[in-house]
Each structure stands twice: as structure tokens, then as C-alpha cells.
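# Commentary on secondary and tertiary structure
Next come the chains, spelled out residue by residue.
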Amino acid sequence: RDGYDYKNKQKTKEPDKWALKQLSVIKKLFNSSEYIINATDDDREGELIFSYVYEYLGCKKPYKRMIMDSQTEDGLLKAFGSLKSSSTVINKENAGRARSIADWVVGANISAKMTLKYAKALESINMITAGRVQTVILDFIVTREKAIKNFKSKPFYYIVGKFSTGSEDYFGKHSKNQIFDKEEAQNLFNKINGNNGVITKREEKPFKKDVPLLYNLTNLSRDINTLYGYTAAQTLNICQSLYEKGFLTYPR
């Protein structure tokens, strides 16, 4: 992290003094501890931040992972009472490292190459960006847009039957969902309509549905958009406001 002279509004060309001071505090704590509790955000980015600092300082002390569901007193006591072994989060750390590498390989490198090669030929564009996620999503959008523009409507038929067990009625759709041949659909209808059916197979099995996890920002934004029509940005601003007032944990 580069230092910055705020008075002269320029970089100092030296490491950031505050960051170095903070790093020395962390190093001192690491070295004086029996083991370390990693309490960064419980996701791949949080895991990666800890692993970078741990690796940079050359620390060999064992560490455990704390996972918080909430920042209430009970939530913190529960988290400290059920610390996880570092081996249980190594895959999450590796996923974070892979993402970080991919961002450089695909994002930074290709963005620089594309900009140097094509930006001059395109008016009013200073930079052409590529990215690990961005490029793929743009391809999805372009492919979908092409499919919409080239779509040609074509009529189709499907067969729906009303069945009665004597005590109740229910509807069932024929397994062939879209029938493009009208004659084939008519023949199926004539074969089935008004006739008795035979149940050839009946299965019963218990269904277990897990209690849904607590909201993350992505799932919350989707549900809020469906229920109230808010954009993701509006939802984030509301969550941030509630967080600052103490009603929510960190919204991201």
C-alpha cells in the first residue's frame, strides 16, 4: 500500500506509515499468542485477507476460524464457543486465491492488452475492460439478445387431462410438453379423451426441506425487487442505513 501526502496531494513513493504501524501490531499479537482466531468475513475474500497477512508475516502459529451469525452478545459467545479448525476453511481460502489470480490473469492483463490494441481505433473510449465475471456475463447478454432478435414464433400444442379418483379431481399434463404437429396432438387427444386410465406406478416418499439460511445481500435484493420493485442499489442503501443505526449486521 503506497503512502500518500494529503497536504501536497501526491504519493510519497514510500509504504503507507499507518498500514505499516497496523501490520506491526498484528505481527506482535501473532507472535505473542498461543493460537490465532481468524474472525474476518466468513467468505472467500475474508479468508483470503487473513491468509495474505498470515503468509506475509511468515506466521507459523496455529489458527482457528470463528463464524458469526450475529454480532449480539449471545451470537459472539456462541461463535467463540464453537471455533472451527483451520483445515475446515482451506478450500475457501484456495477458492479466494484462485479468484484473485483469475482477476489478474483475465482482468488486468487482458484489459491492458485490449486497451493498447483497440482503444485508439474507437472514439471517446479511453479503456476497454475485460474481466473474469464481466466478460462471461456480457457474452450471456449478447447471446440472449441475438436469440431474441432471431426468434421466430411457431405454434405448438400440449395435452392436459382432468383425472378423477372418485374422491378428488386433479389435472395432469402429457409428458410430451410441446407438440408441433397438430395431427399428432389430435391423435393423442382422441386416444386419451373419455377413457379410463390405469395407474402403473405409485410412489410415496418423505420430503425434507431445510430451514433457509439467513439473507445475504444478493438474495435479499432479489426478494425485495420481487416484492417491492426496489433496485439492488436502493436495497443496499436501505441496508447500509439500517446497519449504521444498529438494526442489521454488516450488509455485505
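A brief look at the structure comes next. Along each chain, numbering runs from 1 in the same order as the chain's sequence is written. Local features in this predicted model are restricted to residues of pLDDT 70 or higher, and side-chain atom pairs are both shown and tallied only at a pLDDT of 80 or more, whereas totals for entire chains, interfaces and linings draw on every residue. Each side-chain value is derived from all of the structure's non-hydrogen atoms; neither hydrogens nor water enter the calculation.

### Comments concerning the overall build of the chain
To qualify as a helix, a DSSP run of H or I must reach at least 4 residues; to qualify as a strand, a run of E must reach at least 2; elements of each kind are numbered from the N terminus. Along the backbone of the chain there are eight helices and seven strands. Relative to its length of 252 residues, the chain is extended, with a C-alpha radius of gyration of 29 Å against a globular reference of 18 Å. Based on the C-alpha atoms only, the size of the chain along its principal axes is roughly 85 × 60 × 35 Å. A buried classification covers 17% of the 252 residues belonging to the chain. Within the chain, one finds 41 positive and 29 negative side-chain charges whose respective centroids are separated by 5 Å. Between the two quantities, the radius of gyration covers C-alpha atoms and the globule rule is 2.2 Å times the number of residues to the power 0.38. Burial here depends on accessible area, computed with a 1.4 Å probe over protein chains only, as a share of the maximum for the residue type. Under 20% is buried, over 50% is exposed, and the range in between is partly exposed. His residues and chain termini do not enter the charge count, which takes Lys and Arg as positive and Asp and Glu as negative. Where a charge lies is defined by one atom per residue type: Lys uses NZ, Arg uses CZ, Asp uses CG and Glu uses CD.

### Some words on the packing of aromatic side chains
Two rings from Phe, Tyr or Trp (for Trp, the six-membered ring) form a pair when their centres sit within 6.5 Å of each other. Planes less than 30 degrees apart are called stacked, planes more than 60 degrees apart edge-to-face, and all others tilted. For the structure shown, the criterion picks out ten aromatic pairs. Ring centres of Tyr54 and Tyr63 lie 5.2 Å apart, and the angle between their planes is 65°; this geometry places the pair in the edge-to-face category. By the burial criterion, Tyr54 is buried, and Tyr63 matches it. Aromatic ring contacts, followed pair by pair, group Phe30, Phe50, Tyr54 and Tyr63 into a single cluster. Criterion for a charge above a ring: Lys NZ or Arg CZ within 6 Å of the ring centre, and within 35 degrees of the ring normal. A cation over an aromatic ring shows up here: Lys154 above the ring of Phe180, its NZ or CZ 5.0 Å from the ring centre.

### Structural notes on unusual backbone geometry
Note: most residues except glycine have negative phi, and most peptide bonds are trans. In the Ramachandran plot, Lys9 falls in the positive-phi region, its phi being about 55° despite a non-glycine side chain. Its place among the elements puts Lys9 in the loop between strand S1 (2-5) and strand S2 (10-15). Notably, Lys13 is not glycine yet its phi reads approximately 65°, a positive angle. By secondary structure assignment, the location of Lys13 is in strand S2. A relative accessible area of 82% places Lys13 in the exposed class.

### Some points on the pattern of salt bridges
The salt bridge criterion pairs a side-chain nitrogen of Lys or Arg with a carboxyl oxygen of Asp or Glu, the two atoms within 4 Å. Across all of its chains, the model carries 13 salt bridges by this definition. Across the pair Glu47 and Arg65 runs a salt bridge, and its minimum N-O distance is 2.9 Å. Note that Glu47 is positioned in helix H2 (residues 44-56) and Arg65 in strand S4 (residues 63-65), a separation of 18 residues in sequence. Its relative accessible area of 0% is what places Arg65 among the buried residues. Linking Lys201 and Glu203 is a salt bridge whose minimum nitrogen-to-oxygen distance equals 3.3 Å. If you follow the salt bridges from partner to partner, you end up with Arg44, Glu45, Arg99, Asp103 and Arg132 in one network.

### So, the side chain of Ser51
With respect to the helices, strands and loops of the structure, Ser51 is situated in helix H2. Note on definitions: a residue-residue contact is assigned when non-hydrogen atoms from the two residues lie within 4.5 Å. Excluding residues within four positions of it along the chain, Ser51 makes contact with Glu93 and Arg97.

### With respect to the nonpolar core
Formed by Phe30, Ile36, Phe50, Tyr54, Leu57, Cys59 and Tyr63, the largest nonpolar core amounts to seven residues. Apart from residues no more than four positions distant in its own chain, Leu57 is found in contact with Leu23, Ile26, Lys27 and Phe30. Definition of nonpolar core: a set of buried residues of the types Ala, Val, Leu, Ile, Met, Phe, Trp, Tyr and Cys, connected through side-chain atoms within 4.5 Å.

### Overview of helix H1 (residues 17-32)
The length a helix should cover is 1.5 Å for every residue beyond the first. Helix length check: H1 (16 residues) gives 23 Å between terminal C-alpha atoms against 22 Å at 1.5 Å per residue, within 8%. A distance of 2.9 Å separates the backbone nitrogen of Trp18 from a side-chain oxygen at the start of H1, and that oxygen is part of Asp16. Counting of polar contacts relies on pairs of N or O atoms within 3.5 Å, with two restrictions inside protein: one atom must be capable of donating a hydrogen and the other of accepting it, and residues adjacent in sequence are counted only when both atoms are side-chain atoms.

### A closer look at the packing of H2 against helix H4 (residues 90-118)
Helix-helix packing is characterised by the crossing angle of the two axes and by the distance between the axes. Note on geometry: axes are C-alpha line fits, over the in-contact stretch for helices, and angles between N-to-C directions span 0 to 180 degrees. Following both chains from N to C, one finds H2 and H4 inclined at 90°, their axes separated by 8 Å at the closest point. Judged by the angle between their axes, H2 and H4 are roughly perpendicular. From H2, Arg44, Glu45, Glu47, Leu48, Ser51, Tyr52 and Glu55 reach across to H4, where they touch Lys92, Glu93, Ala95, Gly96, Arg97, Arg99 and Ser100. Note on residue categories: nonpolar means Ala, Val, Leu, Ile, Met, Phe, Trp, Tyr, Cys or Pro, charged means Asp, Glu, Lys or Arg, and polar means any other residue, Gly included. Taken together, the residues of the contact of H2 with H4 break down into three nonpolar, three polar and eight charged. Oblique is the label for any angle not under 35 degrees, not over 145, and not in the 65 to 115 range, which are roughly parallel, roughly antiparallel and roughly perpendicular in turn.

### With respect to the side chain of Thr235
Tracing the chain through its elements places Thr235 in helix H8 (residues 232-244). Accessibility expressed as a relative area gives 3% for Thr235, which makes it buried. Filtering out sequence-adjacent residues up to four positions away, Thr235 remains in contact with Leu220, Ser221, Ile224 and Tyr230.

### Structural notes on a nonpolar patch on the surface
Each patch is assembled from residues with relative accessible area greater than 30% and no salt bridge, linking like charges that lie within 9 Å and nonpolar side chains (Val, Leu, Ile, Met, Phe, Trp, Tyr) that lie within 5 Å. What sets the accessible areas is the Shrake-Rupley method with a 1.4 Å probe; for residues, cover comes only from the shown protein chains. Taken together, Leu227, Tyr228, Tyr230, Ile238, Leu242, Tyr243, Phe247, Leu248 and Tyr250 make up a surface patch of nonpolar side chains, about 910 Å² in accessible area. Broken down by element, the residue count for the nonpolar patch peaks at three residues, all from H8. Within the secondary structure, Leu227 sits in helix H7 (residues 217-228). On the basis of relative accessibility, which here comes to 61%, the residue Leu227 falls in the exposed class.

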